[in-house]
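Descriptive structure summary
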Amino acid sequence: GKIENRGIEAALGFTPFQNNAGLWVSRVSFTKYTSEVKDLAGLPPFFPTSSGFGNLGRTRSEVGKPITQLVGFALNADGTRGTTLTQLGNTAPNFRIGFSNDLTWGAFSLNAVVDWQDGGDVINLTQYLQDDGRTSEDWGTPEGLARYKGYTSGSIQPYIEDASFVKLRELSVGWDM
């Protein structure tokens, strides 16, 4: 088989100020990764060993698709399950950016790291299990029942969610004594 991987990684550092009293160093990193299966050496599409949790989050190696695709049965407009496996999502984000700032002023120091991810998909296993136990917060509402119809038909489509986020990953404050 043959997989084409494409990626971009870049990092940039900047020092807004530096003097006898203090130092501020700011950094940013950027990552973008894509893949496409080009050839399976004559094999039909297949699920890699240990792919997903049951039918949740399964990836499938298939020519012309990313290696990170999530597959399952899509829901038709009337809420019934389709009959063929299809790409429902992709675990690879569009990009990731990291921001880091280190500030030292006399005996005081501050460090902060912020991560930003745009795109990518995840399976909401918590929602899936709450629907299974009929204990979700929206149980009995039209939205909850529509999602449950997908659950009972064997479709994971209602549980695929956008994985975008911005988070403060680290924050430290120090004082030298």
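Residues numbered from 1 in each chain as written. Predicted model: local features only at pLDDT ≥ 70, side-chain atom pairs only at ≥ 80, totals over all residues. Heavy atoms only, no water.

For the coordinates displayed, the defined rule picks out 8 aromatic pairs. Ring geometry for Phe95 and Trp116: centres 5.1 Å apart, planes at 85°, overall edge-to-face. One end of the pair, Phe95, is in strand β5 (residues 95–105); the other, Trp116, is in strand β6 (residues 108–118), and 21 residues separate them in sequence. Phe95 sits in the buried class, given a relative accessible area of 18%. Arranged with centres 5.4 Å apart and planes meeting at 20°, the rings of Tyr148 and Tyr151 form a pair that is stacked. (Phe/Tyr/Trp six-rings, centres within 6.5 Å; stacked < 30°, edge-to-face > 60°. Helix = DSSP H or I, 4+ residues; strand = E, 2+ residues; numbered from the N terminus. Buried < 20%, exposed > 50% of the residue type's maximum accessible area, 1.4 Å probe, protein only.)

A word on the nonpolar core. If you look at the biggest cluster of nonpolar residues, it comprises 9 residues: Leu56, Leu70, Leu88, Ile123, Tyr148, Tyr151, Ile156, Tyr159 and Ile160. Contact partners of Tyr159, with chain neighbours within four places excluded, come to Val122, Ile123, Asn124, Gln127, Tyr128, Asp131, Arg147, Tyr148 and Tyr151. (Core = buried A, V, L, I, M, F, W, Y, C linked by side-chain atoms within 4.5 Å. Contact = heavy atoms within 4.5 Å.)

Opposite charge on two side chains makes pairing possible when the charged atoms of those side chains draw close. Applying the stated criterion to the full structure yields 9 salt bridges. The shortest N-O distance in the salt bridge between Arg27 and Asp102 comes to 2.7 Å. One end of the pair, Arg27, is in strand β2 (residues 22–39); the other, Asp102, is in strand β5, and 75 residues separate them in sequence. Judged by its relative accessible area of 40%, Arg27 is partly exposed. With relative accessibility at 23%, the residue Asp102 sits in the partly exposed group. Note that Glu62 is salt-bridged to Arg60, the shortest N-O span being 2.9 Å. For the pair Glu62 and Arg60, a shared accessibility class is recorded, and that class is buried. Sharing partners across several salt bridges, the network here consists of Glu4, Arg6, Glu36 and Lys38. (Salt bridge = Lys/Arg side-chain N within 4 Å of Asp/Glu carboxyl O.)

Here we come to the layout of surface pockets. The volume enclosed by the largest pocket comes to roughly 160 Å³. Of the residues contributing to the lining of the largest pocket, the split by class is 5 nonpolar, 3 polar and 3 charged. (1 Å grid on protein atoms, 1.4 Å probe; cavity = no way out; pocket = protein on both sides within 12 Å on 5 of 7 lines; lining within 4 Å. Points joined across faces, edges and corners; volume = space filled by probe spheres on them. Nonpolar A, V, L, I, M, F, W, Y, C, P; charged D, E, K, R; others polar.)

Right, let's talk about the side chain of Thr68 for a bit. Turning to its location among the elements, Thr68 is positioned in the loop between β2 and β3 (69–75). In this structure Thr68 comes out as buried when scored by relative accessible area, which is 16%. Those residues in contact with Thr68 that sit more than four places away from it in its chain are Ser35, Gly89, Asn90, Thr91 and Ala92.

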